Amino acid sequence: MGDLEIFLENISKIYDPGLFKKKVQAVEDLTLEVRQGEVYGLIGPNGAGKSTTIRVLLGLIRPDQGRILFRGEPLQQEKFQQEIGYLPENPYLYDYLTLQEVLQFCGRVSGGSSKGLQERIEALAAKLELTHALKRPLRTYSKGMLQRAGICFALLHDPAIVILDEPMSGLDPLGRKLVFDIVLELKEKGKTIFFCSHILSDVERLCDRMGVLVKGRLVKTYEKKDFQEREGHELHLILSSVPEGKLEGLCKLSGQLSERPGGFILSIPPAKLAETATSLGELGIGIEGSRSTRVSLEELFIETVEGAA
């Protein structure tokens, strides 16, 4: 994985709704890092602080404390904003203009040449299957078409970092596949993608790493190997908590060890079950259950959120 691209350190943000109303701690002591060239997913329940985290990163709101580094230097919003493309959860576009007109306007404002800009618009419209609607007023677009139009805006200036807030919202299965393929294409080009989504199956398939945000705090970071299905037939043993001083012995056992909330999962060939069970018994580690497939992100997410609560 690449060098550190974005680093949020000890970020906190409290909203004050006004007189006689309770203050809301949206983000609390959040430390989060995104590496260059990776797809990083931020997931969490409603109200966990995901959108606030994005707004702080974009400079749309100021944090009460903490700092943000961009490529190792204190964040300068003007420089950073030239490098990023952003899709908000509910993009607002001018209803009575066409997609062609709005993209041309935005491209010229950001300094794009007319020839190169038109080629870029046509390429993006084709990729997102909006060529037929380029000259239609945006008020005639469906919700899914508006979402795809918003992605055109986010990618118009070929940014190095793409921030997507609920990019699959309102999309049908074909639209989701389009966005899915675009994210993979961006990754292949070395772009950095940071996104929030409630569709955990998409996060599981797309992301290299995932952070779980609960009540404004980052409570866990998972990597793909923590839930990815392994090749070949394996038995996955769900282990109880490890007695003090026995972790080193557990790590020496044959098999693939991965952490889960409250314990570990040990993946072994079925033929090794008896031998492994004996070794675990000697270490004083119990087997709570087993499964023939690796745990899903949804299961890990539910366990993590319930554990944090």
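Described in the following lines is the structure provided in the data block. (Residues numbered from 1 in each chain as written. Predicted model: local features only at pLDDT ≥ 70, side-chain atom pairs only at ≥ 80, totals over all residues. Heavy atoms only, no water.)

### Here's the deal with the overall build of the protein
Item 1. Each helix and strand counted, the protein has ten helices and 14 strands in total.
Item 2. Seen through its principal axes, the protein has C-alpha atoms that stretch 70 × 50 × 35 Å.
Item 3. For the protein, restricting intrachain contacts to residue pairs at least 6 apart in sequence, the fraction spanning at least 24 positions comes to 70%.
Item 4. For the protein, the accessible area works out to roughly 16,000 Å², and carbon and sulfur atoms hold 50% of it.
Item 5. Seen as two clouds, the 39 positive and the 43 negative side-chain charges of the protein have centres 4 Å apart. (Helix = DSSP H or I, 4+ residues; strand = E, 2+ residues; numbered from the N terminus. Contact = heavy atoms within 4.5 Å. Areas by Shrake-Rupley, 256 points an atom, 1.4 Å probe, with all protein chains shown as cover. Lys, Arg positive; Asp, Glu negative; His and termini not counted. Charge placed at Lys NZ, Arg CZ, Asp CG, Glu CD.)

### Side note on the side chain of Thr53
Item 1. If you trace the backbone, Thr53 turns up in helix H1 (residues 50-58).
Item 2. By relative accessible area, Thr53 is classed as buried at 4%.
Item 3. If we skip the residues at most four places from it in the chain, Thr53 touches Leu8, Val27, Leu30, Leu42 and Leu213. (Buried < 20%, exposed > 50% of the residue type's maximum accessible area, 1.4 Å probe, protein only.)

### Topic: the sheet that holds strand S12 (residues 256-260)
Item 1. Judged by pairing direction, the sheet is antiparallel, and its four strands sit side by side in the order S12-S13-S11-S14 without closing on themselves. With one partner strand each, in any of the chains shown, S12 and strand S14 (287-291) form the two edges of the open sheet. Strand-to-strand, the axes of this sheet are offset by a mean angle of 25°, without reference to chain direction.
Item 2. Bridging between S12 and strand S13 (residues 263-268) involves five bridges; their strand directions are antiparallel. Bridge pairing links Leu257 to Leu266 in S13.
Item 3. Where helix H9 (residues 273-283) meets the sheet, its contacts fall on strand S11 (235-239), S13 and S14, and the angle it forms with S11 comes to roughly 15°. (Pairing = 2+ DSSP bridges. Axes fitted to C-alpha atoms, helices over the stretch in contact; angles between N-to-C directions.)

### Structural notes on the environment of Arg120
Item 1. Within the secondary structure, Arg120 sits in helix H4 (residues 114-127).
Item 2. On the basis of relative accessibility, which here comes to 25%, the residue Arg120 falls in the partly exposed class.
Item 3. In this structure the C-alpha to C-alpha distance between Arg120 and Ala154, which are 34 residues apart in sequence, comes to 12 Å.
Item 4. Not counting residues up to four positions away in its chain, the partners in contact with Arg120 are Leu155, Leu156 and Asp158.

### So, the sheet that holds strand S8 (residues 192-196)
Backbone hydrogen bonds hold the strands of a sheet together, and the pairing may be parallel or antiparallel.
Item 1. Strands sit in the order S6-S7-S8-S3-S9-S10 across an open sheet of six strands; the sheet is mixed. Taken across any chain shown, the strands that pair with only one partner, and hence form the sheet edges, are strand S6 (84-87) and strand S10 (217-223). Taking each pair of neighbouring strands and ignoring which way they run, the sheet shows an average axis angle of 15°.
Item 2. In this sheet, S8 lies alongside strand S3 (residues 39-43) in parallel orientation, the contact comprising four bridges. Paired with Tyr40 across the two strands is Phe194, which belongs to S8.
Item 3. Across the sheet, helix H6 (residues 173-188) is in contact with S3, strand S7 (161-165) and S8; its angle to S8 comes to roughly 145°.

### Focus on the nonpolar core
Item 1. Formed by 48 residues in total, the largest nonpolar core has its most connected members in Leu99, Leu130, Tyr141, Ile193 and Phe195.
Item 2. No other element matches the seven residues that helix H5 (residues 143-155) contributes to this core.
Item 3. Residues contacting Leu130, with those up to four places away along its chain left out, are Leu99, Ala125, Tyr141, Met145, Arg148, Ala149 and Cys152.
Item 4. Among the nonpolar cores identified, the runner-up in size contains 26 residues, and Ala26, Leu30, Val34 and Phe70 belong to it. (Core = buried A, V, L, I, M, F, W, Y, C linked by side-chain atoms within 4.5 Å.)

### A word on unusual backbone geometry
Item 1. With phi around 50°, Asp29 is a residue other than glycine that occupies positive phi space.
Item 2. Take Asp29: it is sitting in strand S2 (residues 24-35).
Item 3. The class of Asp29 is partly exposed, set by a relative accessible area of 35%.
Item 4. One non-glycine residue, Arg71, lies in the positive phi region at around 55°.
Item 5. When you line up the elements, Arg71 lands in the loop between strand S4 (65-70) and strand S5 (73-74).
Item 6. Exposure remark for Arg71: the relative accessible area of 37% places this residue in the partly exposed category.

### Some points on the pattern of salt bridges
Side chains carrying opposite charge are able to pair once their charged atoms draw close together.
Item 1. Evaluation of the coordinates by the stated rule reveals 16 salt bridges.
Item 2. A salt bridge links Arg176 to Asp202; its shortest N-O distance comes to 2.9 Å. Remark: Asp202 occurs in helix H7 (residues 200-206) and Arg176 occurs in helix H6; sequence separation between them is 26 residues.
Item 3. Through salt bridges that share partners, Glu5, Arg71 and Glu83 make up one connected network. (Salt bridge = Lys/Arg side-chain N within 4 Å of Asp/Glu carboxyl O.)

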